[in-house]
Amino acid sequence: MEEQEFLTQVKSCHGLILKLINLYAYSVTDRNDLYQEILLNAWNGQKGFRQEAKFSTWLYQVAINTIFTINRRTRPVSYTDSIEQFVIPVAPQTEQREEVHQLYAAIRQLADVDRVIITMHLEGYANPEIASVLGITANYIGVKLHRIKDQLQNILKAS
Amino acid sequence: MDIEQIWKGHQPETAGLPEVQGIAQLKPEQNSPLKRMKKLLIQNMVGVGICIGMYVCILYFFNYWQIRALIGITLLFTLWGLLSARQLYRSVDDDVLADNLLAELKRNRNALNSWMRIQMRVSAIIYPFSAAGGYLWGGVFASGKDVTTFMDKPSAWWVLIACVIILPPLGYMAGKWMFNKSFGKVIAQLDTNIGNLVVGGTE
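Within any chain, residue numbers begin from 1 and follow the written order of that chain's sequence. To label them, take the chains in the order written and letter them from A, then take the ligands in the order written and number them from 1. With pLDDT at 70 or above as the cut-off, local features in this predicted model cover only qualifying residues; side-chain atom pairs require 80 or more to be listed or tallied, and sums for whole chains, interfaces and linings still use all residues. Calculated side-chain values reflect all of the structure's heavy atoms, with hydrogen atoms and water omitted.

The line we're drawing: UniProt positions are given in the numbering used here, feature names are shortened, and annotations may be inferred rather than shown by experiment.
Going by what an unreviewed UniProt entry lists, chain A is known as RNA polymerase subunit sigma-24 and is assigned to Mucilaginibacter pedocola. The Sequence similarities (unreviewed entry) comment attached to chain A in UniProt states, word for word, "Belongs to the sigma-70 factor family. ECF subfamily."

Written out as structure tokens, the structure reads:
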């Protein structure tokens, strides 16, 4: 794949990747660093991209692998204030913005691996796909998702 | 609140993201433990390469069978160490493109652990030879005598025995300390990353 074609493909998947990054980065600098690291890993490893797979799915996998491999900065004590700068709803109505803000804040309170499970689920990945990415059994993903959703609802209710 | 609807109904803010015109402008932080592991392995191979060069010089310039035998054994071990480090280096995929990340991280952690363990065990066997070879070479080099003349005095034999008894455990401990100081941090980071993936008993 040529460089410009690669960058165009990446640009078309921006939203997908940024939603994921925003759950693990705690500042704009962290977000940009992580974004660059993912792009570089994807570029260096594009020989591993099989044409029959969707580019977005492959890039998503690279993003997850990068997030879980690099030495991320540790979670700050208070971080929810920084979410606002990452997230805007499609129609930026105040109520919707607030809901998105709350959802991000709630997901960020989950354990690292739970965040990726719920994010992949929300993006429409099937349980076996999530399982194969993380190396966990599909049955366990089903059970885990149920618990994560309960936990998320509890956090949202409390907030 | 319908979380699926909210999630799908928003687009993240892309303003402030670096405008990437070309791959060359990307500046990675290089803070991945796998990248660090590869970097350390290169440093290790460079160090080992220098040692091999020194041993070859000794073998070439010091024509004494005792020195050649002892340093030769050490050289063989060093060559094996270099090859095993190269093999480990080539097995590390620092772009982390594996389909199963958890398995990949564990594979790297286990490979590094096993490489360190084997190196330490084999070195424990080799150290007495290298200590004796180093002593003989040092004696010949400093005194300007041949091995037989240099070892003529009983005191030279006592020092040789002391070297073979004292230096190997010291070398072993120094090697262990150096491994832990360098590769130990990589293993600790890989353990943390693995822990992040298996938190809550997801294995």
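1. Examining the interface of chain A and chain B
Selection criterion: Residue contacts follow a heavy-atom distance rule, with two residues in contact if any of their heavy atoms lie within 4.5 Å. By buried area we mean the combined loss of accessible area, with a 1.4 Å probe, across both parts when two parts are placed together. Any pair of nitrogen or oxygen atoms within 3.5 Å is treated as a polar contact; in protein, a donor-acceptor pairing is required on top of that, and neighbouring residues in sequence qualify only through side-chain atoms on both sides. A run of H or I in DSSP counts as a helix once it spans at least four residues, and a run of E counts as a strand once it spans at least two, with each numbered from the N terminus.
Between chain A and chain B, the contact holds 67 residues from the first and 50 residues from the second. Both sides together, the interface formed by chain A and chain B hides about 5100 Å², and carbon and sulfur atoms give 59% of it. Along the contact surface separating chain A from chain B lie nine residue pairs in polar contact (both at pLDDT 80 or more). For the side of chain A that touches chain B, the element with the highest residue contribution is helix 3 (residues 28-44) of chain A, accounting for 11 residues.

2. Focus on the side chain of A:Arg108
Residues and elements named next belong to chain A. The cut-off we apply is this: Throughout, exposure labels follow a simple rule: accessible area from a 1.4 Å probe, protein chains only, divided by the maximum for the residue type, with under 20% read as buried, over 50% as exposed, and the rest as partly exposed. When charges are counted, neither His nor the chain ends are considered; positive counts come from Lys and Arg and negative counts from Asp and Glu. Each salt bridge in this description consists of a side-chain nitrogen of Lys or Arg and a carboxyl oxygen of Asp or Glu lying within 4 Å of one another.
Along the chain, Arg108 turns up in helix 5 (residues 94-108). For the buried Arg108, no salt bridge exists, and the shortest N-O distance to an oppositely charged side chain is 8.2 Å, to Asp30. Of the polar contacts made by the side chain of Arg108, one reaches the backbone oxygen of Ala25; its length is 2.5 Å.

3. A short note on a positive patch on the surface
Residues and elements named next belong to chain B. For the record, the criterion: Patch membership is restricted to residues that have no salt bridge and whose relative accessible area is over 30%. Joining uses 9 Å for like charges and 5 Å for the nonpolar side chains Val, Leu, Ile, Met, Phe, Trp and Tyr. Exposure was quantified through the Shrake-Rupley algorithm and a 1.4 Å probe, taking into account, for residues, occlusion by the shown protein chains and nothing else. Charge placement uses NZ in Lys and CZ in Arg. For Asp and Glu, CG and CD serve respectively.
A grouping of Arg36, Lys39, Lys181 and Lys185 is seen on the molecular surface, where their side chains present a positively charged patch. Mapped onto the positive patch, the elements with two or more residues apiece are helix 2 (33-61) and helix 6 (154-198). Relative to the assigned elements, Lys39 resides in helix 2.

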